[in-house]
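Each chain, letter by letter, is given below.
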Amino acid sequence: GFTKDETEYALIDLNFLGVYDLLLLRGDVKTLEAGQNTDLYHEHATDLQEQVNNFNKGMAVDGSTFEANETPFSYGMACYPEKHEEAPNMESDIFYLKEKVKNGADYLVTQMFFDNEKFFSFVDRCRAAGITVPIVPGLKPISKASQLTLLPRVFHVDIPDMLVREIVKCKDDSQVKQVGIDWCTAQSLELKAKGVPSIHYYSLMAVDSVYQVAKSVY
């Protein structure tokens, strides 16, 4: 959601701080007020990627040049086992994902998912398309019953029937939280057994749950 200028300022600050490993995300779509210049913002994550690549070459957003960083930024980018909401189909999504990798993404981190088979199928499709970089699974333990409707609506992910049934049986959110921990732990153990490079946990509103999962898995 940064403007192009804000992104450049952030890159300058990160270079000064010695932080060179990034995760590039477009973020939520910026809601612009009437009259604001949409050219100030990146429409796609690949546009953000291009700005970082240009910065690595010593090219500022205004087209001027400077002495490039001694240590260039390396970065990962996002991917979607259940397809990005704006992609017309999975084939198109994989095509643009391959472009991200071709243009410099060193690894990929997935959107949250609750069915490991969808992750394994997605990885197989990526490998068949020639995408060879590490693909890091992203998991989130459900902690509230309200997330049964919230997560699919906001993040466009499916929740397996078995998990839904277990949550619906819960009498309160403390029980839901435990179900979420158990489910996420089982997901993590299976993924770890299959040799994933690492696991990313989405901790928003679930910090304690993530702690409990990681404690069991690692």
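Just above sits the structure.
Since we're looking at a predicted model, the values are computed, not measured.

Caption draft 1: Here's a closer look at the packing of helix α3 (residues 90–102) against helix α4 (residues 116–128). It is the contact of α3 with α4, at a shortest axis distance of 10 Å, that shows an interaxial angle of 60°. With respect to α4, the axis of α3 lies oblique. As α3 runs across α4, the sense of the crossing is right-handed. Of α4, the residues touching α3 (which contributes Met-90, Glu-91, Ile-94 and Leu-97) are Phe-122, Arg-125 and Cys-126. Residues that form the contact of α3 with α4 fall into these classes: five nonpolar, no polar and two charged.

Caption draft 2: Up close: the packing of aromatic side chains. Applying the stated criterion across every chain, the model contains six aromatic pairs. Note on Phe-55 and Phe-73: the rings are 5.9 Å apart at their centroids and 45° apart in plane angle, and the pair reads as tilted. Linking Phe-55 in helix α2 (residues 45–56) with Phe-73 in the loop between α2 and β2 (74–79), this pair joins segments that are 18 residues apart in sequence. Phe-73 matches Phe-55 in its accessibility class, with the two residues each being buried. The ring of Phe-120 is capped by Lys-194, whose NZ or CZ atom sits 5.7 Å from the centre of that ring.

Caption draft 3: Seen up close, unusual backbone geometry. Residues other than glycine seldom take positive phi values, yet His-156 does so here, at roughly 60°. With respect to the helices and strands, the residue His-156 is situated in the loop between α5 (147–155) and α6 (161–168). The exposure class assigned to His-156 is partly exposed, which follows from its relative accessible area of 37%.

Caption draft 4: Representation of the environment of Val-61. With respect to the element layout, Val-61 can be found in the loop between α2 and β2. Residues Val-61 and Glu-8 lie 53 residues apart in sequence; the distance between their C-alpha atoms is 7.1 Å. If sequence neighbours within four positions are ignored, Val-61 has contacts with Lys-4, Asp-5, Glu-8 and Gln-51.

Caption draft 5: Up close: a nonpolar patch on the surface. Judged by side-chain polarity, Phe-16, Leu-17 and Val-19 come together as a nonpolar surface patch covering roughly 350 Å² of accessible area. Structurally, Leu-17 is set in helix α1 (residues 4–17). Residue classification places Leu-17 among the exposed residues on the basis of a relative accessible area of 61%.

Caption draft 6: Looking closely at the layout of surface pockets. Roughly 1300 Å³ of internal volume is contained in the largest pocket. If you go around the largest pocket, you meet 45 residues; those closest to its centre are Arg-26, Ala-78, Tyr-80, His-84 and Gln-111. Counting residues per element, the ones that place at least two in the lining of the largest pocket are β1 (21–24), α2, β2, α3, β3 (107–112) and α5. Here the lining of the largest pocket is composed, by residue class, of 25 nonpolar, eleven polar and nine charged.

Basis of the calculations
Residues numbered from 1 in each chain as written. Predicted model: local features only at pLDDT ≥ 70, side-chain atom pairs only at ≥ 80, totals over all residues. Heavy atoms only, no water. Axes fitted to C-alpha atoms, helices over the stretch in contact; angles between N-to-C directions. Helix = DSSP H or I, 4+ residues; strand = E, 2+ residues; numbered from the N terminus. Parallel < 35°, antiparallel > 145°, perpendicular 65-115°, else oblique. Left-handed = near helix turned anticlockwise from the far one by under 90°. Contact = heavy atoms within 4.5 Å. Nonpolar A, V, L, I, M, F, W, Y, C, P; charged D, E, K, R; others polar. Phe/Tyr/Trp six-rings, centres within 6.5 Å; stacked < 30°, edge-to-face > 60°. Buried < 20%, exposed > 50% of the residue type's maximum accessible area, 1.4 Å probe, protein only. Lys NZ or Arg CZ within 6 Å of the ring centre and 35° of its normal. Patch = residues over 30% accessible without salt bridge, like charges linked within 9 Å, V, L, I, M, F, W, Y side chains within 5 Å. Areas by Shrake-Rupley, 256 points an atom, 1.4 Å probe, with all protein chains shown as cover. Salt bridge = Lys/Arg side-chain N within 4 Å of Asp/Glu carboxyl O. 1 Å grid on protein atoms, 1.4 Å probe; cavity = no way out; pocket = protein on both sides within 12 Å on 5 of 7 lines; lining within 4 Å. Points joined across faces, edges and corners; volume = space filled by probe spheres on them.

It is worth stressing that arrangement in space is one thing and function is another; only the former is reported here.
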